[in-house]
Amino acid sequence: SSDLVVAGAFNLASDRVLYGRYWGCFEEHPFLHFNVCLYAGMDEVVRRGLVRFEPGAGGEHKLVRGFTPSLTYSAHALFHRGLDRAVREFLAHERAAIQTGLPAWRAETGFKD
C-alpha cells in the first residue's frame, strides 16, 4: 500500500450534472485514464444522484462507453499573440473535423434522438 498519488481528474458539478474537464498523471498504467476520468466520474454521478455525466470533448473511445457525442464550448484568453494565433488555427481545423464527424459518431451510438 502506498500514499503516492499517480493520477487525478478535475471535474465540475452542478446540482444535476458532473462535467469532466482535465486529467493528468505522474505514471502510465493500463486503463488508468478510463478509471480516473470515466469510471470514477460515472460512480460519482450515481453516488450523488445526478442525472448526467458529461465527460468532456473529444475521443471516439467514448462511443464504446455509451456516451453520445455532443458539441462542447470553451472560452480562451491567451495573451501571447503567437500562442493565441496557433490555438485559433488549431481550433478552426478541429471545429471543421468535428462538424464533419459528429453525424457519423452520433449514428454509431445506437441511441435515437
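Scroll up for the structure.
Computed from a predicted structure; not experimentally measured.

### A look at the packing of aromatic side chains
- For the structure on display, the rule yields one aromatic pair.
- Where Phe10 meets Tyr22, the ring centres are 6.5 Å apart and the plane angle is 35°; that geometry is what we call tilted. Residue Phe10 is found in strand 1 (residues 7-13), and its partner Tyr22 is found in strand 2 (residues 17-25); the two are separated by 12 residues along the sequence.
- Using a relative accessible area of 46% as the deciding quantity, one classes Phe10 as partly exposed.

### Quick look at the pattern of salt bridges
- One pass over the full model with this rule turns up three salt bridges.
- Across the salt bridge formed by Glu44 and Arg47, the nearest N and O atoms sit 2.6 Å from each other. Of this pair, Glu44 and Arg47 both sit in helix 1 (residues 32-48), separated by three residues, roughly a single helical turn.
- Under the relative-accessibility criterion, Glu44 is labelled buried at 19%.
- The salt bridge involving Arg48 is made with Glu44; its shortest N-O contact spans 2.7 Å. With a gap of four residues between them, Arg48 and Glu44 both fall in helix 1, about one helical turn apart.
- Taking the relative accessible area as the measure of exposure, Arg48 reaches 45% and is therefore partly exposed.

### Concerning the sheet that holds strand 2
- The three strands lie next to each other as 1-2-3, forming an open sheet whose pairing is mixed. Every interior strand has two partners, whereas the edge strands, strand 1 and strand 3 (52-54), have only one. Across the sheet, the mean angle from the axis of one strand to that of its neighbour is 30°, orientation sign disregarded.
- The pairing of strand 2 with strand 3 spans three bridges and is classified as parallel. Bridge pairing links Leu18 to Phe53 in strand 3.
- Each of strand 1, strand 2 and strand 3 touches helix 1; the most contacted strand, strand 2, lies at about 155° to it.

### Some thoughts on the pairing of strand 1
- Where strand 1 meets strand 2, seven bridges bridge the pair, whose relative direction is antiparallel. When the sheet's bridge partners are listed, Gly8 is paired in strand 2 with Gly24.
- Counting the residues between successive antiparallel strands, the hairpin from strand 1 to strand 2 contains three residues.

### Comments concerning the environment of Glu54
- Of note, Glu54 is situated in strand 3.
- Separated by 33 residues in the primary sequence, Glu54 and Arg21 have C-alpha atoms spaced 8.9 Å apart.
- Not counting the four nearest positions on each side in its chain, Glu54 is found in contact with Val17, Leu18, Tyr19, Gly20, Arg21, Ser70 and Thr72.

Criteria and thresholds
Residues numbered from 1 in each chain as written. Predicted model: local features only at pLDDT ≥ 70, side-chain atom pairs only at ≥ 80, totals over all residues. Heavy atoms only, no water. Phe/Tyr/Trp six-rings, centres within 6.5 Å; stacked < 30°, edge-to-face > 60°. Helix = DSSP H or I, 4+ residues; strand = E, 2+ residues; numbered from the N terminus. Buried < 20%, exposed > 50% of the residue type's maximum accessible area, 1.4 Å probe, protein only. Salt bridge = Lys/Arg side-chain N within 4 Å of Asp/Glu carboxyl O. Pairing = 2+ DSSP bridges. Axes fitted to C-alpha atoms, helices over the stretch in contact; angles between N-to-C directions. Contact = heavy atoms within 4.5 Å.

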